[in-house]
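Analysis of the macromolecular model
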Amino acid sequence: MIYSSPALDLDDTRVLNELEAMRTTLSDYLRTPRRWVGRLRRTAVARAIRGSNSIEGYDVALDEADAAIDGEEPISADERTFAEIRGYRQALGFVLATAADEHFTLDSSVLRSMHFMLLSHALDTSPGQYRRGEIFVRDDTLERTVYEGPAAEIVPGLVDELVAALADRTGDDPFVQAAMAHLNLVMIHPFRDGNGRMARALHTLVLTRAGLSAPELSSIEEWLGQHTDDYYRVLAKTSSGAWSPATDAHLWLKFCLRAHHLQAQTVATRMARAAVVWDMLDDVAEQNRLPERALDLLFSAVVGFRVRRSSYVRTTEVDERTATRDFKRLADAGLLRAVGETKGRYYVAGEGLKEIVAVHRRDAELDEPYPGFRGLLYA
């Protein structure tokens, strides 16, 4: 027996309808060719990678998560942390690249393969293998065990039951199905390590398989990374400290639907803001007679990336001499500012981009899909 989907109430149905409307709007927007969509979609993957790993204590800057997508070296992250980032990038990349394929089949071997991708750099964690002993989750701040997983001998059967339930795609709404898959995998805790990241990747996989293949629509990992205390609290309240699949999971479902709703609002805000930022960059380019290829570089700097000449050479396919000339020109115009010596040097947004950076960082007000939810969570 695994956790089952709770009955939806009127608020859940309303939120799901609003999510569907936002999904349709965002999908239509993403299908229309725009210069900034590629960068935003790539950054969405980087935000998901960073968010999911930050929950486990592996913190990196957004540009380092982005660098992992292309296998570039980190700027400041330590070797162990960046290995974790690369592993998750590989597992999430597999999900986004294959789950939407009509021939894709989800079974337990896929989950074990994803786990191997995630932790192949740490062979002492038995990547790709189920745990063989009991497992406990500890809260070091409270100095106590907060969760005990089910017995190891029933783990394979529970995972098989989970993937069998996911094979039936005619029942629950995909957002509900993804939330329950996430909950069940994290509660089964089938592996020695990486269970949280696996559960969050499975959440994305279920939605990707349902046609929400854009990471802007299928992933709430960025939001979870920013609200880790809420995430742990709702898991604790749902489990009551041990494997208890008969427990009502309604609070967990509302938590996930709320996260998707708020994340979708955030993405819509970013889309609108990107259009304004690019119009402003067009004006900057015209005033300074900049080549078109430099605009994506400036946009990355506005987002907060530490941009490197090596990446610029790779993405624009210009030679080293041209890249050096472009960077000097941008620095002389005050649009970029160099940091560090020649070896390891990178560039950040300069004073000339200050106004545009302020527009990009402007806070947005989000509508609460479940009024009073946090009061309920912390009651």
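A word on the packing of helix H5 (residues 108-119) against helix H8 (residues 195-209)
Two elements in contact, H5 and H8, have axes whose closest approach is 11 Å; the angle formed by their N-to-C orientations is 125°. With respect to their mutual orientation, H5 and H8 come out oblique. Considering the relative orientation of H5 and H8, their crossing is right-handed. Contacts from Leu-111, Met-114, His-115, Leu-118 and Leu-119 in H5 reach Arg-197, Met-198, Ala-201, Leu-202 and Leu-205 in H8. For the contact of H5 with H8, the class distribution of residues is eight nonpolar, one polar and one charged.

Observations regarding the layout of surface pockets
Considered as a void within the structure, the largest pocket measures approximately 930 Å³ in volume. Every residue lining the largest pocket is counted, 33 residues in all, and those nearest its centre are Val-137, Arg-138, Val-146, Tyr-232 and Leu-235. When residues of the lining of the largest pocket are traced back to their parent elements, those giving at least two are strand E1 (136-139), strand E2 (144-148), helix H7 (174-188), H8 and helix H11 (228-239). The element best represented in the lining of the largest pocket is H11, accounting for eight residues. Across the lining of the largest pocket, the residue classes tally to 15 nonpolar, six polar and twelve charged. Its volume calculated, the second largest pocket comes out at about 470 Å³.

Looking at helix H2 (residues 37-55)
Between its first and last C-alpha, H2 extends 27 Å over 19 residues, near the 27 Å set by a 1.5 Å rise per residue. Along H2, 15 of the 19 residues are buried, which leaves the element largely enclosed by surrounding structure. Among the residues trailing H2, Gly-57 stands out with phi positive, at a value near 95°.

Section: unusual backbone geometry
Its identity as a non-glycine residue notwithstanding, Arg-289 has a phi of 50°, on the positive side. Relative to the helices and strands, Arg-289 is located in the loop between helix H12 (250-288) and helix H13 (294-303). The backbone phi angle of Glu-317 is positive, close to 60°, even though this residue is not glycine. The class for Glu-317 is exposed, based on a relative accessible area of 71%.

Here's the deal with the side chain of Asp-12
For Asp-12, the location among the structural elements is in helix H1 (residues 10-31). Judged by its relative accessible area of 0%, Asp-12 is buried. Within the structure, the side chain of Asp-12 is placed 2.6 Å from the side chain of Tyr-370, a separation counted as a polar contact. Not counting residues within four places of it along the chain, the set of residues in contact with Asp-12 comprises Ala-7, His-250, Lys-254, Leu-257 and Tyr-370.

Focus on the environment of Arg-197
Its place among the elements puts Arg-197 in helix H8. For Arg-197, the contacting residues outside a window of four places in its chain are Ser-52, Asn-53, Glu-56, Tyr-58, Glu-84, Tyr-88, Leu-118 and Leu-119.

Section: the environment of Ala-246
Mapped onto the elements of the fold, Ala-246 is located in the loop between H11 and H12. C-alpha separation for the pair Ala-246 and Ile-2, spaced 244 residues apart in sequence, amounts to 7.8 Å.

A few points about the pairing of strand E4 (residues 346-349)
Bridge count for strand E3 (residues 336-339) against E4 is four bridges, and the pairing is antiparallel. Each bridged residue has a counterpart across the sheet, and for Leu-336 the counterpart in E4 is Ala-349. Count of turn residues in the E3/E4 antiparallel hairpin: six residues, of which Gly-340 carries a positive phi of about 95°.

Focus: the environment of Asp-230
Here Asp-230 is to be found in helix H11. Accessibility expressed as a relative area gives 4% for Asp-230, which makes it buried. When the C-alpha atoms of Asp-230 and Phe-104 are compared, they prove to be 33 Å apart, with 126 residues separating the residues in sequence. Contact partners of Asp-230, with chain neighbours within four places excluded, come to Phe-255, Arg-374, Leu-377 and Tyr-378.

Quick look at the nonpolar core
In terms of nonpolar packing, the biggest core is built from 114 residues, with Leu-202 and Trp-252 touching the most fellow members. Top contributing element to this core by residue count: H12, with 18 residues. Non-local contacts of Trp-252, meaning those with residues more than four positions away in its chain, are made with Ala-179, Met-180, His-182, Leu-183, Tyr-231, Val-234, Leu-235 and Thr-238.

Thresholds, definitions, all that
- Within each chain, residue numbers correspond to sequence positions counted from 1 in written order.
- Reporting in this predicted model follows two pLDDT cut-offs: at least 70 for local features of residues, and 80 or more for side-chain atom pairs to be given and counted; totals over whole chains, interfaces and linings ignore these cut-offs and use all residues.
- Each side-chain value is worked out from all heavy atoms of the structure, with water and hydrogens disregarded.
- The convention used is that axes are lines fitted to C-alpha atoms, helices contributing only their stretch in contact, and that angles between N-to-C directions extend from 0 to 180 degrees.
- Comment: elements are numbered from the N terminus, with helices defined as DSSP H or I runs of at least four residues and strands as E runs of at least two.
- Geometric relationships in this document are graded by angle, where less than 35 degrees denotes roughly parallel, more than 145 denotes roughly antiparallel, 65 to 115 denotes roughly perpendicular, and other angles denote oblique.
- Crossing handedness: left-handed means the near helix sits turned counterclockwise from the far one by under a right angle, and right-handed means the same turn made clockwise.
- Contacts: residue pairs with any heavy atoms within 4.5 Å of one another.
- For this scheme, ten residues count as nonpolar: Ala, Val, Leu, Ile, Met, Phe, Trp, Tyr, Cys and Pro. Four count as charged, namely Asp, Glu, Lys and Arg, and the remainder, Gly too, count as polar.
- Using a grid of 1 Å spacing that covers the protein atoms alone, one calls a set of points a cavity when a 1.4 Å probe fits there but cannot get out, and a pocket when the set is open and has protein on both sides within 12 Å along at least five of seven lines; lining residues are those with an atom within 4 Å of a point.
- Grid points are joined across faces, edges and corners, and a volume is the space filled by probe spheres set on the points.
- To estimate the expected span of a helix, subtract one from its residue number and multiply by 1.5 Å.
- Accessible area is worked out with a 1.4 Å probe on protein chains only. A residue is then buried under 20% of its type maximum, exposed over 50%, and partly exposed in between.
- Between N or O atoms, a polar contact is any pair within 3.5 Å; within protein, one atom must be a potential hydrogen donor and the other a potential acceptor, and residues adjacent in sequence are included only when both atoms are from side chains.
- Each pair of strands is called paired provided DSSP finds at least two bridges between the two strands.
- Residues grouped as a nonpolar core are buried Ala, Val, Leu, Ile, Met, Phe, Trp, Tyr and Cys residues, joined through side-chain atoms within 4.5 Å.

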